[in-house]
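Structural features, examined
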Amino acid sequence: MQTPTFKGTHLWDRLCWAKENLEPHQSDYRVVYEDSIDECAKILVPDPNWMAAAMQGGILPPVWVYWELAKDEAEPDFKKHTRGYLLHETEPMGPMTEEAAIEYLIMKDCPESVWKTYNVGNRPKMVICTKQQLPQTREWRNAWKISEDLEVAA
Amino acid sequence: MAGKIIADTLETGAGAEISTSYVVNGSAKAWAHYNADGIAAISNSLNTSSITDNGTGDMTISHGSSLNDANYSATCTSRFGLNENAYVSAIKRYATSSTRTIHNNSSQDVLYANGRVDHTDIGLVLHGDLA
């Protein structure tokens, strides 16, 4: 299906179009990361409707738009967004592969302090793997750490 | 887009009128149905980009189209397995790009991390203004 030419269309409307017209894509990829030594590893799970929109193209804005809004929200006197137009008026991204969509999602939804330096130091603090590689039980869930044996899947 | 309707009011056949702003302002801007038990997964959603499993009974839901401010309304419901005991879900953090939810095994433990459990069939609905 061809994506309509969204010019200045609100991102929410574009996501509604994606939900109505695209088949959700349940990705097997998971992102495991550690952003605090006092907490267990976290697992990011991609949304199937969002993945479909990313792979379709013409719907999502470039990821830097989210960084700009995050900068605004981090200001101590932040009350509400004044640059929401960046989400709606910036030229949407073209179609992404599943792997490229996961990388985009990491840069959107994981802390910058994790993905920017994930492989700096004496061990990685972020790994892209498949859900089959994750433990199936929760008995030791809050002791999870990234295993040095966990192979990178993407 | 295939078509466009521009209208300030909606009117029924009986003549009852309502402003379209009621519809725009009253519609849920994001929702998600997801499981935290086992390997976390999203079964259906609107305007959600991902969920993050932060640990037992602790999830973050990220939004595709951000909310305008952190003063939106979030409603979270869930269950724990198939039994009928009381379990509680609550909002831990409101941000324009994400909402963090926590899930406990009874209302007495809602503020304490040691009462957290992974719920199933979690439903999160957000009402508010979009950025």
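The present account deals with the structure reproduced in this document.

What counts, and where the lines are drawn
Residues numbered from 1 in each chain as written. Chains lettered and ligands numbered in written order. Predicted model: local features only at pLDDT ≥ 70, side-chain atom pairs only at ≥ 80, totals over all residues. Heavy atoms only, no water. Axes fitted to C-alpha atoms, helices over the stretch in contact; angles between N-to-C directions. Helix = DSSP H or I, 4+ residues; strand = E, 2+ residues; numbered from the N terminus. Left-handed = near helix turned anticlockwise from the far one by under 90°. Contact = heavy atoms within 4.5 Å. Nonpolar A, V, L, I, M, F, W, Y, C, P; charged D, E, K, R; others polar. 1 Å grid on protein atoms, 1.4 Å probe; cavity = no way out; pocket = protein on both sides within 12 Å on 5 of 7 lines; lining within 4 Å. Points joined across faces, edges and corners; volume = space filled by probe spheres on them. Buried < 20%, exposed > 50% of the residue type's maximum accessible area, 1.4 Å probe, protein only. Core = buried A, V, L, I, M, F, W, Y, C linked by side-chain atoms within 4.5 Å. Salt bridge = Lys/Arg side-chain N within 4 Å of Asp/Glu carboxyl O. Polar contact = N/O pair within 3.5 Å; in protein donor to acceptor, adjacent residues only side chain to side chain.

**Considering the packing of helix α2 (residues 48-56) of chain A against helix α5 (residues 98-109) of chain A**
Residues and elements named next belong to chain A.
- Put simply, α2 and α5 touch, their axes get as near as 9 Å, and they point 115° apart. In the crossing of α2 with α5, the sense of the turn from one axis to the other is right-handed. Contacts between α2 and α5 involve W50, M51, A54 and M55 on the former and, on the latter, E98, A101, I102, Y104 and L105.
- Taken together, the residues of the contact of α2 with α5 sort by class into eight nonpolar, no polar and one charged.

**Things to note about empty space enclosed by the protein**
- One pass over the structure, following the stated rule, counts two cavities of 30 Å³ or more.
- Approximately 80 Å³ is the volume found for the largest cavity.
- Residue lining of the largest cavity: L15(A), A18(A), K19(A), D47(A), N49(A), W50(A), S45(B), L46(B), N47(B) and T48(B), and that is the complete set.
- For the lining of the largest cavity, the leading source of residues is helix α1 (residues 11-21) of chain A, giving three residues.
- Of the residues belonging to the lining of the largest cavity, the class tally is four nonpolar, four polar and two charged.

**Considerations on the side chain of N49(A)**
- Tracing the sequence through the fold places N49(A) in helix α2.
- Take N49(A): its relative accessible area is 11%, and that puts it in the buried class.
- Excluding residues that lie within four positions of it along the chain, N49(A) makes contacts with K19(A), P24(A), N44(B) and S45(B).

**Considerations on the nonpolar core**
- V31(A), W50(A), I59(A), L60(A) and I106(A) are the most contacted members of the largest nonpolar core, which totals 35 residues.
- Every element with two or more residues in this core is listed here: α1, β1 (29-33), α2, α3 (64-74), α4 (85-89), α5, α6 (112-115) and β3 (126-130) of chain A.
- With residues up to four places along the chain from it excluded, the contact list for V31(A) reads K42(A), I43(A), L44(A), I102(A), I106(A), C110(A), M126(A), V127(A) and I128(A).
- Counting residues in hydrophobic clusters, the runner-up holds 24 residues, among them I43(A), L134(A), I42(B) and I61(B).

**Some remarks on unusual backbone geometry**
All names here are of chain B.
- The phi angle at N47 is positive, at roughly 60°, despite the residue not being glycine.
- Although it is not a glycine, D121 adopts a positive phi angle of roughly 45°.
- The residue D121 is located in strand β10 (residues 120-127) in this model.

**Quick notes on the pattern of salt bridges**
All names here are of chain A.
- One pass over the structure, following the stated rule, counts eleven salt bridges over all chains.
- Where D35 meets K42, a salt bridge forms, and the shortest distance between an N and an O atom there is 3.3 Å.
- Judged by relative accessible area, D35 falls into the partly exposed class, the value being 33%.
- We classify K42 as buried; its relative accessible area is 6%.
- Of the charged contacts in the structure, one is a salt bridge between R83 and D72, with a shortest N-O distance of 2.9 Å. Residue R83 is located in the loop between α3 and α4, and its partner D72 is located in helix α3; the two are separated by eleven residues in the primary sequence.

**Points about the side chain of N47(B)**
- Here N47(B) shows up in the loop between β4 (41-46) and β5 (48-55).
- A polar atom in the side chain of N47(B) sits 2.5 Å from the backbone nitrogen of S65(B).
- Here N47(B) is in contact with W12(A), L15(A), K29(B), A30(B), S62(B), H63(B), G64(B), S65(B) and L130(B), once residues within four sequence places are set aside.

**Examining the layout of surface pockets**
- Considered as a void within the structure, the largest pocket measures approximately 680 Å³ in volume.
- Along the walls of the largest pocket sit 29 residues, with K108(A), D109(A), C110(A), P111(A) and S97(B) positioned nearest its centre.
- Only α3, α5 and α6 of chain A together with β5, β6 (58-63) and β9 (98-104) of chain B provide two or more residues apiece to the lining of the largest pocket.
- When residues in the lining of the largest pocket are grouped by element, the largest group, seven residues, is from α3(A).

Function cannot be inferred from these measures alone, as they are strictly geometric.
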